[in-house]
Amino acid sequence: MPRRPALLPALDGFGLFGALVGLLAVAPIAALVALAAGGDGPWRHLFTTVVPAATVDTALLALGVAAFVAVVGTGSAWLVATRDFPGRRLLEVLLLLPLAFPAYVLAYSWLDLLHPIGPLQTALRGLLGYSRPADLRLPDLRSLPGAILVFGFALYPYVHVATRTVFLSRAAGPVEAARMLGARSSRVFFRVALPLARPAVAAGCALAVMETLNDVGAAEFLSVNTLTAAVYSTWINRSDLPGAAQIALAMLIFLLSLLMLERIARGGRGYAVAGRATRRLEPRRVGGARGVALFVVGLMPALFGFLVPALHLVWQAADRLAFAGLAEDIARETRDTVLLAATATALGVAAAAVLVSGRRLHPGSPLHAAAPRIASIGYAVPGTVLAIGLLAVYGAVDAGVRALVVDLGGAPTGLLLSASFAGLVIALCLRFFRLAAAGIETAADRLPVTLDQSARVLGRGRFAVMRAVHLPLLTPAYAGAALLFFVDCMKELPATLLLRPLGFETLSTHLYGEAARGTYENGALAACLIVAFGLLPIVVVTRIGRDAARPRTAPPGLSASPAVGRGAA
Amino acid sequence: MTKKPTAAALLPMFGFCAAVAAVPAAAEEVNVYTTREPGLFAPLAKAFTEKTGIRVNTVFVKDGLAERVAAEGTASPADLLMAVDVGVLAELVDKGVTRPLTSPVVERAVPANLRAADGSWTGLSMRARLVWADRSLGLKSITYADLADPKWKGSICIRSGQHPYNTALIAAAIAHDGRAAAAAWVAGIHANLAKKPSGGDRDVARDILGGLCRIGVGNSYYVGLMRSGRGGAEQKAWGDGVDVLLPTFEGGGTHVNITGAALAKHAPHPDAARALVEYLVSPEGQRVYAEQNFEYPIVPGAAAEPTIAGLGPLTVDPLPVAAIAAHRKEASLIVDEVGFDR
Amino acid sequence: MSPAALALHDLHHAYGRRAALAGVSLELHPGEIVALLGPSGCGKTTLLRIAAGLERPAAGDVHAGGRRLAGPDLFVEPEDRGIGLVFQDYALFPHLDVAANVGFGLAGRPRAEIRATVADLLDRIGLADRGRSYPHMLSGGEQQRVALARALAPRPAVLLMDEPFSNLDQRLRRGMRAETAALLRASGAAALLVTHDPDDALAVADRIALMRDGVLAQVGTPEEVWHHPVDRGAAAVFADLEELPATVRRGRAETALGGFAAPGVPDGPALVCLHRDAFDLAAVGDFTATVSATRFVGEHRIVRLVVDGLPRPVDTRVDARRPVAIGGRVSVAIDRSRAFVFPPDRPPEDLRHPAAPAPDVSDFRPCRGVAAGAGDGRHHEV
């Protein structure tokens with residue numbers, strides 16, 4: 001007889017912590033709903049003029065980006081997973097580099113490069129013999145297709161990493177079987193590898209689309225009116241916070257349906273590859289001219305997504321340094337950025353670890369199962385929207401505390417959460433919780449539950465199991481999650497802009513301030529630093545992946561087969 | 001990796017923030033919340049500190065200044081709220097986060113149409129919305145109404161219609177000609193656009209040079225920034241490569257927006273704030289605005305920076321800027337209805 | 001004579017510094033089933049993958065049906081070899097149903113032909129009504145059958161199978177062996193089965209190749225390998241043996257249990273390996289022993305005997321119905337025809353050196369398959 005999961009006994013430390021985090025995550029959304037309910041007049045106007053067009057643009061952008069990253073990400077992953085050509089190892093790393101670039105930095109760099117009086121078109125005109133820019137009209141990057149390209153090149157690594165993992169670790173069996181049955185390369189890819197990788201493609205595309213919708217800078221720059229831009233604009237230009245909250249909620253629904261779509265695409269029909277699929281896929285050697293051609297083809301995404309714009313950025317920064325010298329605040333801003341990111345990472349990853357372990361250690365408890373899900377809401381909410389909600393929450397908390405203290409006879413307290421380092425850290429933790437939780441959960445799912453159970457049977461309590469079993473075995477997962485978390489915190493912009501304390505500047509806010517003024521080149525050095533920090537986790541993650549992929553020194557088939565003969569008793 | 005309970009890690013930060021917030025109001029500083037990029041305000045702050053010894057703490061709040069201050073409530077450390085657009089100033093008053101700054105110095109120095117009647121805010125400097133044109137056109141003058149003329153079809157570059165600089169211009173048009181006429185005018189400009197509104201004012205100059213359009217709209221101080229070479233050789237080329245014209249409203253003058261300041265309702269250092277504002281409208285302060293930021297001084301008679309002055313005499317539109325603020329929401333609605341940014 | 005269906009010639013391969021294949025040559029004749037039998041790590045899976053084209057040999061040739069597939073300057077990709085492979089984990093395509101799996105290798109043929117072939121095969125493996133099911137809905141045995149059908153559908157001349165029955169439980173195995181053998185014969189393909197289980201090999205193979213440490217120790221029919229194992233290791237593969245140290249003089253090995261014929265074995269120390277079944281508790285026997293322990297295992301009874309003159313106890317099987325008293329003295333007869341006499345094992349390197357002096361008796365490694373009886377003579381249950 002199935003036991004009904006009792007709620008109360010599950011309220012141990014894990015449960016309480018999970019409830020706290022869940023509440024924190026939901027608070028800004030609730031605040032948004034309250035705000036949205038408070039406004040009336042403008043919304044009808046908004047929903048007839050702004051929202052329809054913005055929704056269409058957003059949907060088209062999302063679809064376009066999803067298609068682009070799916071094709072480029074999967075194609076490049078297949079290339080480096082199944083073909084060994086000169087420079088493959090280098091390409092494996094290069095293809096990940098666009099992760100280090102925030103989308104709006106990429107947008108600006110390319111706009112600069114491709115402007116009619118920028119370096120590329122000027123050179124082209126020189127080559128073709130045109131003197132005036134007006135004589136050679138090329139398509140403008142500032143358009144929906146242009147935006148799809150920019151976001152696509154910035155975000156394809158999400159799909160690339162996910163599908164490459166699948167190809168390397170789980171596709172070997174079916175791929176070899178298909179080859180033995182006479183299937184050529186393209187048939188193997190389309191009929192076997194791609195269907196197997198479909199969940200990974202779906203997950204990567206969802207991440208890319210969410211990043212696209214979160215962005216405020218690049219879309220504005222490339223003159224694509226997304227819903228996020230509408231939210232921002234409604235609030236900023238019309239001071240219509242309730243109206244903005246309403247659009248924000250519409251966005252949330254849009255995103256939630258997107259997430260459900262992803263869940264459907266990912267779930268599917270029991271796609272788990274049966275059996276002990278421990279073989280790694282061995283890439284086929286391609287040498288000579290064909291190998292070089294493959295390298296060049298594979299280099300394209302990395303070229304457009306990182307190498308060319310990075311070089312441009314470095315050149316601009318160097319130019320600026322030569323012209324105007326080093327800005328005095330850069331060192332302080334870097335320190336503050338690192339401090340903020342490090343604190344948020346420590347807390348966020350710790351919270352994710354606790355919630356993921358909590359779910360595992362309380363099977364069947366709805367509270368513990370729901371906690372990580374609820375806490376992940378922050379990721380689906382664009383930074384601006386989350387920050388608006390949190391602003392309201394913090395203000396309310398501060399006011400409440402102040403009233404309480406005054407009632408108890410004390411001096412009025414100042415700002416506790418509003419405009420505080422703590423408030424900003426909480427915002428970042430909520431925003432990126434899902435990043436950490438997803439990575440840790442994937443690794444945790446690979447640990448057999450029997451490990452936990454044997455520890456419990458041997459006398460350890462739940463928290464002790466987490467300490468003794470999860471912590472040591474999941475350390476690489478924690479480290480990986482921490483890296484991604486750290487970099488995203490460093491690049492984060494809208495929430496930081498809104499919630500930061502007095503005089504607190506991060507590299508990204510500095511950069512945006514310059515962009516707001518149009519003096520982007522002043523921010524080039526800050527941009528370079530952001531990108532440099534963004535490179536760190538890529539290098540480390542690649543190193544870890546490389547170690548796991550070292551060529552076998554033991555022959556295959558070395559499984560736990562019993563020895564020959566009738567066997568001893 | 002050791003796990004730290006969240007609460008324990010937050011406590012030190014709570015303590016830190018409380019300590020900072022509980023610092024008693026010393027007379028030696030003033031806290032300024034500004035929507036103006038710190039780099040632009042810094043020279044003024046520095047000069048003020050040098051003169052008076054009062055330290056200036058600046059917080060750059062790009063968006064949501066009013067919300068931020070309102071959320072901070074009575075404990076807000078803000079003394080002076082500065083904005084680069086009259087609409088924001090009016091909004092601050094609407095949200096009830098300001099109180100009137102009574103200063104005879106300000107009332108004497110700043111013309112009445114450039115400050116609030118009840119003293120709740122005052123302008124500190126002006127920026128005019130100008131038209132930039134392709135040199136080869138040889139254009140000598142233009143009115144704002146001309147921009148909607150079909151002869152300019154496919155020729156206009158401008159930034160987003162929802163940007164405060166543009167909604168202020170449209171609001172001024174509403175105040176002059178009424179809503180319907182202003183809507184028609186905006187639709188006319190929309191029909192003349194060479195490309196979708198995007199980028200900033202400086203991009204307009206670049207786009208004109210790049211042959212993407214023939215005329216564009218931009219603010220006066222950008223001209224100074226570009227032509228002075230302060231932005232680098234490339235931007236100097238942009239600034240030098242376009243003609244700059246001072247357009248006018250029919251029967252009026254050139255549209256200007258103001259940067260201004262308002263006193264925060266719960267300011268801990270109101271006297272220091274007043275001193276700062278009075279400094280800013282003094283000849284020294286106005287000179288810094290003009291020379292450092294290439295803006296038009298608000299005090300009549302103060303000299304503009306030579307590059308700016310060289311653009312021609314500025315006839316300030318006599319419309320009270322408060323009226324612009326009043327029509328801002330309408331202007332924004334018109335932009336949406338016309339589908340200007342699409 | 002028609003060319004061999006599959007010919008592997010002097011194959012070498014290594015992983016890192018560890019040699020996996022040290023010169024292996026093997027031929028499969030058309031329609032023949034050969035079992036490659038060896039312990040894990042001996043290189044048999046490597047050999048299979050090289051034959052399939054999933055690995056490149058460091059040295060050696062691979063031919064199939066007279067056509068060269070791999071050599072020093074040539075490598076034909078697996079999809080062009082026309083060789084079938086059944087993987088140990090079956091590697092069924094999880095996103096395709098059973099019919100689509102089976103028909104996968106038939107791409108390019110007319111649809112009607114594919115349908116007919118698939119239907120026929122599904123019928124033969126007894127899954128005619130499961131064509132629409134997906135692999136994860138099938139049991140282990142069913143999956144194995146589908147994997148086999150899939151590999152056979154394109155009618156390859158050569159079929160390779162990697163541990164085909166190791167994932168099945170005991171009871172299922174017997175049925176599957178017979179079915180698989182029948183399917184293979186009906187298809188007419190030459191098959192190479194890799195396995196570590198001697199029963200698999202004996203049940204299915206026309207010839208058995210014993211592999212150990214990267215080389216083939218012996219290749220022959222099941223009878224040959226069973227009755228004439230080439231060395232102690234080969235003998236130990238198929239049966240539990242008891243070992244007796246012996247001295248050979250003029251074709252006869254003398255042990256504590258008497259003499260055994262040892263034709264062709266040089267004089268000197270040697271090892272006599274006796275099948276467990278060579279011992280019989282008879283009324284009149286060659287020698288006596290004390291029963292130290294017994295265990296009933298269903299069809300027979302294992303009896304541990306302490307034999308006078310032998311350092312360690314000996315295990316033997318008797319009919320279960322036969323009463324045996326612990327501690328009692330019994331008379332034991334030995335079937336001397338079921339003994340193998342081997343010269344002492346020498347490490348392979350020694351074969352290249354001049355003949356070394358005869359090793360000490362204590363050099364002899366015990367036969368595998370000896371029950372882990374304690375040497376202390378204590379009485380305990382087996």
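Model, not experiment: these values are computed from the prediction.

Quick notes on the rules
Every chain is numbered on its own, with residues counted from 1 as its sequence reads. Both sets of labels track the order of writing: A upward for chains, 1 upward for ligands. Only residues with pLDDT of 70 or above have their local features reported here, since the model is predicted, and side-chain atom pairs are shown and tallied only from 80 upward, although totals for entire chains, interfaces and linings are computed over all residues. Excluded from the side-chain calculations are hydrogens and water; all other atoms, namely the structure's heavy atoms, are used. The way it works is that DSSP assigns letters per residue, a run of H or I at least four long becomes a helix, a run of E at least two long becomes a strand, and they are numbered from the N terminus. Relative accessibility thresholds used throughout: buried, under 20% of the residue-type maximum; exposed, over 50%; partly exposed, between the two (1.4 Å probe, protein chains only). The criterion used for residue contact is that any of the two residues' heavy atoms lie within 4.5 Å. Accessibility throughout is a Shrake-Rupley quantity obtained with a 1.4 Å probe, and a residue counts as covered only by protein chains that appear here. Just to be clear on terms, a salt bridge is a Lys or Arg side-chain nitrogen sitting within 4 Å of an Asp or Glu carboxyl oxygen. Residue ranges for the domains trace back to a domain assignment, done automatically or taken from a database. All residues other than Ala, Val, Leu, Ile, Met, Phe, Trp, Tyr, Cys, Pro, Asp, Glu, Lys and Arg, Gly among them, are scored as polar; the first ten of these are nonpolar and the last four charged. For helices, the axis comes from a line fit to the C-alpha atoms of the stretch in contact; other axes are also lines fit to C-alpha atoms, and the angle between any two N-to-C directions lies between 0 and 180 degrees. What sets the label is the angle itself: under 35 degrees gives roughly parallel, over 145 gives roughly antiparallel, 65 to 115 gives roughly perpendicular, and the rest give oblique. Note: crossing handedness is left-handed where the near helix turns anticlockwise from the far helix by less than a right angle, and right-handed where it turns clockwise. Only strands joined by at least two bridges in the DSSP assignment are considered to pair. Defined by distance alone, a disulfide is two cysteine sulfur atoms within 2.5 Å. Joining through side-chain atoms within 4.5 Å is the link that ties buried Ala, Val, Leu, Ile, Met, Phe, Trp, Tyr and Cys residues into a set, and such a set is a nonpolar core. Polar contact is defined as a pair of N or O atoms within 3.5 Å, subject to the rule that within protein one atom must be able to donate a hydrogen and the other to accept it, and that residues adjacent in sequence are counted only when both atoms are side-chain atoms. pLDDT is a residue-level measure of predictor confidence that goes from 0 to 100. In this scheme Phe, Tyr and Trp rings, the latter by its six-membered ring, pair at centre separations within 6.5 Å, and the angle between planes marks the pair as stacked below 30 degrees, edge-to-face above 60, and tilted otherwise.

Focus on the overall build of chain C
From N to C terminus, chain C includes eight helices and 21 strands. Within the span of chain C, comprising 382 residues, buried residues form 52% of the whole. Taking the intrachain contacts of chain C between residues at least 6 apart in sequence as the baseline, contacts between residues at least 24 apart amount to 65%. Surface summary for chain C: the accessible area is close to 17,400 Å², and the carbon and sulfur share equals 51%.

Here's the deal with the pattern of salt bridges
Counted by the stated rule, this structure contains 47 salt bridges over all chains. Note that Arg284(A) is salt-bridged to Glu77(C), the shortest N-O span being 3.5 Å. Linking Arg284(A) in strand 2 (residues 284-285) with Glu77(C) in the loop between strand 6 (74-75) and strand 7 (83-86), this pair reaches from one chain into another. Salt-bridge contacts for Glu330(B) lead to Arg179(B); the nearest nitrogen and oxygen are separated by 3.5 Å. Taken together, the positions of Glu330(B) in helix 15 (residues 328-338) and Arg179(B) in helix 7 (residues 179-191) put the pair 151 residues apart, joining distant regions of the chain. Arg179(B) sits in the partly exposed class, given a relative accessible area of 32%. One continuous salt-bridge network, built from bridges that share partners, spans Asp84(A), Arg88(A), Arg89(A) and Glu92(A).

A word on the domain arrangement of chain C
Residue and element names in this part refer to chain C. As assigned here, chain C comprises domain 1 (6-226) and domain 2 (230-342). Here the C-alpha centre of domain 2 lies 39 Å away from the C-alpha centre of domain 1. Taken together, the contacts link ten residues of domain 1 with eight residues of domain 2. If you look at where domain 1 meets domain 2, you find one salt bridge. We note a salt bridge from Arg 212 to Asp 231, for which the minimum N-O separation is 2.9 Å. Where the side of domain 1 that touches domain 2 is concerned, the elements lending two or more residues are helix 6 (198-204), strand 10 (207-212), strand 11 (215-220) and helix 7 (222-227). When the residues that make up the side of domain 1 that touches domain 2 are grouped by side-chain class, the tally is eight nonpolar, one polar and one charged.

Regarding the packing of helix 5 (residues 103-114) of chain A against helix 7 (residues 144-170) of chain A
If you want to describe how two helices pack, look at the angle between their axes and the distance between the axes. Residue and element names in this part refer to chain A. Between helix 5 and helix 7, the least distance of the axes is 9 Å, while the angle of their chain directions is 130°. Taken together, the axes of helix 5 and helix 7 lie oblique to each other. In the packing of helix 5 onto helix 7, the handedness of the crossing is right-handed. From helix 5, Ala 103, Leu 106 and Ala 107 reach across to helix 7, where they touch Val 150, Phe 151, Phe 153 and Ala 154. Looking at the contact of helix 5 with helix 7 residue by residue, the class counts come to seven nonpolar, no polar and no charged.

Digging into the sheet that holds strand 12 (residues 241-248) of chain C
Residues and elements named next belong to chain C. Reading across the sheet, the five strands line up as 14-13-12-15-21 and stay open at both edges, with antiparallel pairing between neighbours. Both edges of this open sheet fall to strand 14 (258-261) and strand 21 (339-342), since each of them pairs with a single strand only. The average undirected angle you get between the axes of adjacent strands in this sheet is 35°.

With respect to the state of the cysteines
For the structure shown, the criterion picks out one disulfide over all chains. Each sulfur of the disulfide joining Cys157(B) and Cys213(B) lies 2.0 Å from the other. Here the S-S torsion is close to -110°, and the disulfide linking Cys157(B) with Cys213(B) is therefore left-handed. With a gap of 56 residues between them, Cys157(B) in strand 6 (residues 156-157) and Cys213(B) in the loop between helix 8 (201-209) and strand 7 (215-219) connect regions that are remote in the sequence. For the pair shown, Cys157(B) and Cys213(B) are each scored as buried. Cys489(A) carries a free sulfur, and the closest cysteine sulfur to it, the one in Cys429(A), is 7.1 Å from it.

Regarding the nonpolar core
With 215 residues, the main nonpolar core has Phe167(A), Ile440(A), Leu499(A), Leu6(C) and Leu160(C) as its most contacted residues. The leading source of residues in this core is helix 18 (residues 421-445) of chain A, at 17 residues. Phe167(A) has contacts with Thr74(A), Ala77(A), Trp78(A), Ala81(A), Ala172(A), Phe189(A), Ala193(A), Ala197(A) and Leu281(A), leaving out every residue within four places of it along the chain.

A closer look at the side chain of Asn257(B)
Residues and elements named next belong to chain B. Tracing the sequence through the fold places Asn 257 in strand 9 (residues 256-264). In this structure the side chain of Asn 257 is engaged in a polar contact, spanning 2.7 Å, whose partner is the side chain of Asp 85. Only 3.1 Å separates the side chain of Asn 257 from the backbone nitrogen of Val 86, close enough to count as a polar contact. In contact with Asn 257, other than residues within four places in its own chain, are Val 84, Asp 85, Val 86, Ser 125, Met 126, Arg 127, Pro 164 and Ala 168.

Considerations on the side chain of Glu32(C)
Residue and element names in this part refer to chain C. You can see Glu 32 is positioned in the loop between strand 2 (18-28) and strand 3 (33-37). Glu 32 sits in the buried class, given a relative accessible area of 10%. Beyond its immediate chain neighbours, meaning those up to four positions away, Glu 32 contacts Glu 27, Ala 189, Ala 190, Ala 191, Asp 206 and Arg 207.

Concerning the environment of Leu48(C)
Residues and elements named next belong to chain C. Note on placement: Leu 48 falls in helix 1 (residues 44-52). Exposure remark for Leu 48: the relative accessible area of 2% places this residue in the buried category. Taking the C-alpha atoms as reference, Leu 48 lies 8.8 Å from Leu 193; in sequence the two are 145 residues apart. Apart from residues lying up to four places away in sequence, Leu 48 is in contact with Leu 85, Leu 160, Met 161, Asp 162, Leu 192 and Val 194.

Observations concerning the confidence of the model for chain A
Residue and element names in this part refer to chain A. Averaged over every residue, the pLDDT of chain A is 82; the share at 70 or more is 87%. Mean pLDDT across the elements of chain A bottoms out in helix 2 (residues 41-49) (66) and peaks in helix 3 (residues 51-82) (93). For residues 269-277, every residue scores under 50 in pLDDT, and the model assigns this stretch 19 contacts once sequence neighbours within four places are set aside. Under a pLDDT of 50 for its full length, residues 550-569 has, in the predicted model, 35 contacts with residues more than four places off or in other chains.

Regarding helix 15 of chain B
Working note: α-helix, 3.6 residues per turn, so residues spaced by three or four point in the same direction. Here helix 15 of chain B has its buried residues at Arg328(B), Ala331(B), Ser332(B), Ile334(B), Val335(B) and Asp336(B). Phi for Gly339(B), located one or two positions after helix 15 of chain B, is positive at around 70°.

Digging into the environment of Ser143(A)
Residue and element names in this part refer to chain A. Relative to the elements of secondary structure, Ser 143 occurs in the loop between helix 6 (119-128) and helix 7. In this structure the C-alpha to C-alpha distance between Ser 143 and Leu 499, which are 356 residues apart in sequence, comes to 32 Å. Not counting the four nearest positions on each side in its chain, Ser 143 is found in contact with Leu 222 and Val 224.

Section: the packing of aromatic side chains
Within this structure, the stated rule accounts for 17 aromatic pairs over all chains. A ring pair is formed by Phe189(A) and Phe190(A), whose centres lie 5.0 Å apart and whose planes are at 80°; its orientation type is edge-to-face. Taken together, a centroid distance of 4.6 Å and an interplanar angle of 50° make the contact between Phe93(C) and Phe104(C) tilted. You can see Phe93(C) sitting in the loop between strand 7 and helix 2 (98-102) and its partner Phe104(C) sitting in the loop between helix 2 and helix 3 (111-124), a full eleven residues away along the chain. The exposure class of Phe93(C) is buried, given its relative accessible area of 0%. Taken together, Phe68(A), Trp110(A), Phe153(A) and Phe304(A) form an aromatic cluster joined through their ring pairs.

Brief notes about unusual backbone geometry
Residues and elements named next belong to chain C. A positive phi angle is found at Asp 10, which is not glycine, with a value near 50°. Among the structural elements, Asp 10 can be located in strand 1 (residues 6-15). Its identity as a non-glycine residue notwithstanding, Asp 213 has a phi of 50°, on the positive side. Structurally, the position occupied by Asp 213 is in the loop between strand 10 and strand 11.

Focus on the sheet that holds strand 1 of chain C
Residues and elements named next belong to chain C. Taken in spatial order, the five strands line up as 2-1-4-5-6 in an open sheet, and their pairing is antiparallel. In the strand order of this sheet, the two ends are held by strand 2 and strand 6, each with one partner. Relative to strand 2, strand 1 runs antiparallel, the two sharing eight bridges. Looking at strand 2, one finds that Ala 7 is bridged to Glu 27.

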